[in-house]
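Structural description and commentary
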Amino acid sequence: PRRYWLVSSFYGIDEQPGIKANIYPNPSYGTFIIEADKMEHIRVIDMLGQVVSDKECNNHENQITLNLDTLSASVYLVEIKTTDGICKRRIVINR
């Protein structure tokens, strides 16, 4: 029998150690809660590198609900920009 391995990765994920961000539930059916101090901008990127969601956080919120119900089941990269810098997390949408 043949075995196939699928390796996927987001290149260039560099974490700033001082920035803490939580995303839950993960995996989800498309609705996520993001918690981080003083968020300015949230961007969601698919496996092809395309931006599929872009959200401004005008009031430096510490918690937002991100609804991605229209996206396909897959792994996505969430880029969270705060007043202290940028952190990146992976999320999974299941169907």
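Remember, it's a predicted structure, so these values are computed and weren't measured experimentally. (Residues numbered from 1 in each chain as written. Predicted model: local features only at pLDDT ≥ 70, side-chain atom pairs only at ≥ 80, totals over all residues. Heavy atoms only, no water.)

1. Let's talk about the pairing of strand β3 (residues 39-45)
With five of seven residues buried, β3 is to be regarded as a mostly interior element. When β3 meets strand β6 (residues 74-82), the two strands line up antiparallel, connected through six bridges. Bridged to H41 within β6 is K81. Strand direction decides the pairing type here: β3 and strand β4 (residues 51-56), joined by five bridges, are antiparallel. Counterpart to H41 in the pairing with β4 is E56. The hairpin turn running from β3 into β4, its antiparallel successor, is five residues long, and G49 in that turn takes a positive phi close to 90 degrees. (Buried < 20%, exposed > 50% of the residue type's maximum accessible area, 1.4 Å probe, protein only. Helix = DSSP H or I, 4+ residues; strand = E, 2+ residues; numbered from the N terminus. Pairing = 2+ DSSP bridges.)

2. So, the pattern of salt bridges
Under the defined criterion, the tally for this structure stands at three salt bridges. In this structure, the salt-bridge partner of R43 is E79, at a minimum N-O distance of 2.7 Å. With R43 in strand β3 and E79 in strand β6, this residue pair connects regions lying 36 residues apart in the sequence. Judged by its relative accessible area of 28%, R43 falls in the partly exposed class. Residue classification places E79 among the buried residues on the basis of a relative accessible area of 13%. A salt bridge links K88 to E79; the nearest nitrogen and oxygen atoms lie 3.9 Å apart. On the accessibility criterion, K88 (16% relative accessible area) is buried. Beyond isolated ion pairs, a larger network of salt bridges with shared partners links R43, E79 and K88. (Salt bridge = Lys/Arg side-chain N within 4 Å of Asp/Glu carboxyl O.)

3. Re the sheet that holds β3
On the basis of which strands lie adjacent, the open sheet formed by four strands has the order β4-β3-β6-β7 and antiparallel pairing. Where the open sheet ends on each side, the last strands, each with one partner, are β4 and β7 (85-93). Strand-to-strand twist in this sheet, taken as the mean axis angle between neighbours without regard to direction, amounts to 20 degrees. (Axes fitted to C-alpha atoms, helices over the stretch in contact; angles between N-to-C directions.)

4. Considerations on the pairing of strand β1 (residues 21-24)
The two faces of β1 differ: A21 and I23 on one face are buried, but N22 and Y24 on the other face are not. Inspection of the sheet shows β1 paired to strand β2 (residues 31-36) by four bridges, in the antiparallel sense. Bridging across to β2, I23 finds its partner in I34. The hairpin formed by β1 and β2 contains six residues between the paired strands, and G30 there has a positive phi angle of roughly 140 degrees.

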